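Okay, here's what each chain looks like letter by letter:
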Amino acid sequence: MVTKYALVQNVVNRLTDDPTFRTFFTLYLMAEGEAERNRLDERFWKEADQLPEPEQQLLRAELTRCFLRLPMLTNNLLERASTASAAP
(Lines give C-alpha, C1' and ligand atoms only; values in the text may rest on other atoms or scores of the structure.)
Protein backbone atom coordinates (compact mmCIF):
# COMPACT_ATOMS: atom_id res chain seq x y z
CA MET A 1 0.00 0.00 0.00
CA VAL A 2 2.85 2.40 0.77
CA THR A 3 4.10 1.94 -2.77
CA LYS A 4 0.65 2.88 -4.08
CA TYR A 5 0.79 6.18 -2.18
CA ALA A 6 4.21 6.96 -3.63
CA LEU A 7 3.14 6.03 -7.16
CA VAL A 8 -0.07 8.07 -6.97
CA GLN A 9 1.80 11.07 -5.59
CA ASN A 10 4.40 10.78 -8.36
CA VAL A 11 1.75 10.67 -11.08
CA VAL A 12 -0.30 13.51 -9.61
CA ASN A 13 2.76 15.73 -9.20
CA ARG A 14 3.63 15.22 -12.85
CA LEU A 15 0.08 15.85 -13.95
CA THR A 16 -0.53 19.23 -12.33
CA ASP A 17 0.91 21.95 -10.11
CA ASP A 18 -2.57 23.10 -9.11
CA PRO A 19 -3.23 22.27 -5.43
CA THR A 20 -6.95 21.76 -6.01
CA PHE A 21 -6.44 19.19 -8.72
CA ARG A 22 -3.52 17.57 -6.88
CA THR A 23 -5.81 16.95 -3.94
CA PHE A 24 -8.72 15.80 -6.10
CA PHE A 25 -6.63 13.44 -8.24
CA THR A 26 -4.90 11.97 -5.18
CA LEU A 27 -8.22 11.26 -3.49
CA TYR A 28 -9.70 9.95 -6.74
CA LEU A 29 -6.82 7.59 -7.48
CA MET A 30 -6.69 6.35 -3.88
CA ALA A 31 -10.45 5.72 -3.74
CA GLU A 32 -11.43 2.14 -2.91
CA GLY A 33 -13.96 1.68 -5.69
CA GLU A 34 -16.05 3.13 -8.47
CA ALA A 35 -18.82 4.30 -6.12
CA GLU A 36 -16.36 6.30 -4.03
CA ARG A 37 -14.79 7.81 -7.17
CA ASN A 38 -18.23 8.79 -8.44
CA ARG A 39 -19.08 10.50 -5.13
CA LEU A 40 -15.78 12.41 -5.19
CA ASP A 41 -16.34 13.48 -8.78
CA GLU A 42 -19.92 14.60 -8.15
CA ARG A 43 -18.99 16.52 -5.01
CA PHE A 44 -16.02 18.20 -6.73
CA TRP A 45 -18.05 19.46 -9.68
CA LYS A 46 -21.00 20.47 -7.48
CA GLU A 47 -18.64 22.66 -5.45
CA ALA A 48 -16.96 23.94 -8.61
CA ASP A 49 -20.36 25.04 -9.93
CA GLN A 50 -20.66 27.32 -6.89
CA LEU A 51 -17.50 29.25 -7.79
CA PRO A 52 -17.63 32.59 -9.60
CA GLU A 53 -17.46 32.19 -13.38
CA PRO A 54 -13.84 33.40 -13.73
CA GLU A 55 -12.68 30.78 -11.21
CA GLN A 56 -14.70 28.10 -13.00
CA GLN A 57 -12.97 29.03 -16.24
CA LEU A 58 -9.55 28.75 -14.58
CA LEU A 59 -10.51 25.36 -13.19
CA ARG A 60 -11.65 24.13 -16.60
CA ALA A 61 -8.48 25.47 -18.23
CA GLU A 62 -6.30 23.59 -15.74
CA LEU A 63 -8.32 20.42 -16.30
CA THR A 64 -7.71 20.79 -20.04
CA ARG A 65 -3.96 21.18 -19.39
CA CYS A 66 -4.06 18.01 -17.30
CA PHE A 67 -5.72 16.08 -20.11
CA LEU A 68 -3.16 17.39 -22.59
CA ARG A 69 -0.36 16.05 -20.35
CA LEU A 70 -1.89 12.58 -20.13
CA PRO A 71 -0.45 11.14 -23.39
CA MET A 72 3.09 12.16 -22.42
CA LEU A 73 2.61 10.85 -18.88
CA THR A 74 1.13 7.59 -20.16
CA ASN A 75 4.04 7.05 -22.55
CA ASN A 76 6.52 7.75 -19.76
CA LEU A 77 4.83 5.28 -17.42
CA LEU A 78 4.69 2.66 -20.17
CA GLU A 79 8.42 3.07 -20.84
CA ARG A 80 9.19 2.74 -17.13
CA ALA A 81 7.01 -0.36 -16.85
CA SER A 82 8.68 -1.93 -19.88
CA THR A 83 12.13 -1.19 -18.49
CA ALA A 84 11.19 -2.59 -15.09
CA SER A 85 9.75 -5.79 -16.56
CA ALA A 86 12.85 -6.31 -18.74
CA ALA A 87 15.24 -6.00 -15.79
CA PRO A 88 16.58 -9.29 -14.40
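Anything mentioned here points back to the structure above.
Criteria and thresholds
- Residues numbered from 1 in each chain as written.
- Predicted model: local features only at pLDDT ≥ 70, side-chain atom pairs only at ≥ 80, totals over all residues.
- Heavy atoms only, no water.
- Helix = DSSP H or I, 4+ residues; strand = E, 2+ residues; numbered from the N terminus.
- Rg over C-alpha atoms; globule rule 2.2 N^0.38 Å.
- Buried < 20%, exposed > 50% of the residue type's maximum accessible area, 1.4 Å probe, protein only.
- Contact = heavy atoms within 4.5 Å.
- Areas by Shrake-Rupley, 256 points an atom, 1.4 Å probe, with all protein chains shown as cover.
- Expected span 1.5 Å × (residues − 1).
- Bend = angle between axes of the 7 residues up to and from the residue.
- Salt bridge = Lys/Arg side-chain N within 4 Å of Asp/Glu carboxyl O.
- Phe/Tyr/Trp six-rings, centres within 6.5 Å; stacked < 30°, edge-to-face > 60°.
- Core = buried A, V, L, I, M, F, W, Y, C linked by side-chain atoms within 4.5 Å.

A. Here's a closer look at the overall build of the chain. When helices and strands are tallied, the chain shows four helices and zero strands. For the chain, the N- to C-terminal ordering of α and β elements is α-α-α-α. Relative to its length of 88 residues, the chain is extended, with a C-alpha radius of gyration of 15 Å against a globular reference of 12 Å. Considering only C-alpha atoms, the chain reaches an extent of 55 × 25 × 20 Å along its principal axes. Across the 88 residues of the chain, 22% fall into the buried class. Across the chain, the fraction of contacts at a sequence separation of at least 24, relative to all contacts at a separation of at least 6, is 47%. Approximately 6500 Å² of the chain is accessible, and the part contributed by carbon and sulfur atoms is 59%.

B. Layout of helix 4 (residues 53-86). For helix 4, which comprises 34 residues, the first-to-last C-alpha distance of 49 Å matches the rise-based estimate of 50 Å (1.5 Å per residue) to within 8%. At Leu-70, helix 4 shows its strongest bend, of approximately 35°, with the proline Pro-71 following within four residues. Within helix 4 the residues assigned to the buried category are Gln-56, Leu-59, Glu-62, Leu-63, Cys-66 and Leu-73. Summarising the contacts, the buried residues of helix 4 are in contact with helix 1 (2-15), helix 2 (19-30) and helix 3 (34-48).

C. Quick look at the pattern of salt bridges. Taken as a whole, this structure holds five salt bridges when the rule is applied. Each of the salt bridges in this network shares a partner with another, and the network as a whole consists of Glu-62, Arg-65 and Arg-69.

D. Here's a closer look at the packing of aromatic side chains. Throughout the structure, instances matching the rule amount to six aromatic pairs. Between Phe-24 and Tyr-28, the aromatic rings sit 5.6 Å apart at their centres with planes inclined by 35°, giving tilted as the arrangement. Highlighted residues: Phe-24 and Tyr-28, both in helix 2, separated by four residues, approximately one helical turn. A centroid spacing of 4.9 Å and a plane angle of 90° characterise the contact between Phe-44 and Trp-45, whose relative ring orientation is edge-to-face. An aromatic cluster is defined as three or more aromatic residues linked by ring pairs; in this entry it consists of Phe-21, Phe-24, Phe-25, Tyr-28, Phe-44 and Trp-45.

E. Quick peek at the nonpolar core. Within the largest apolar cluster, 15 residues are counted, with the highest numbers of intra-cluster contacts made by Leu-15, Phe-21, Phe-24, Phe-25, Phe-44 and Leu-59. Those elements that provide at least two residues to this core are helix 1, helix 2, helix 3 and helix 4. Here Phe-21 is in contact with Thr-16, Phe-44, Leu-59, Glu-62 and Leu-63, once residues within four sequence places are set aside.

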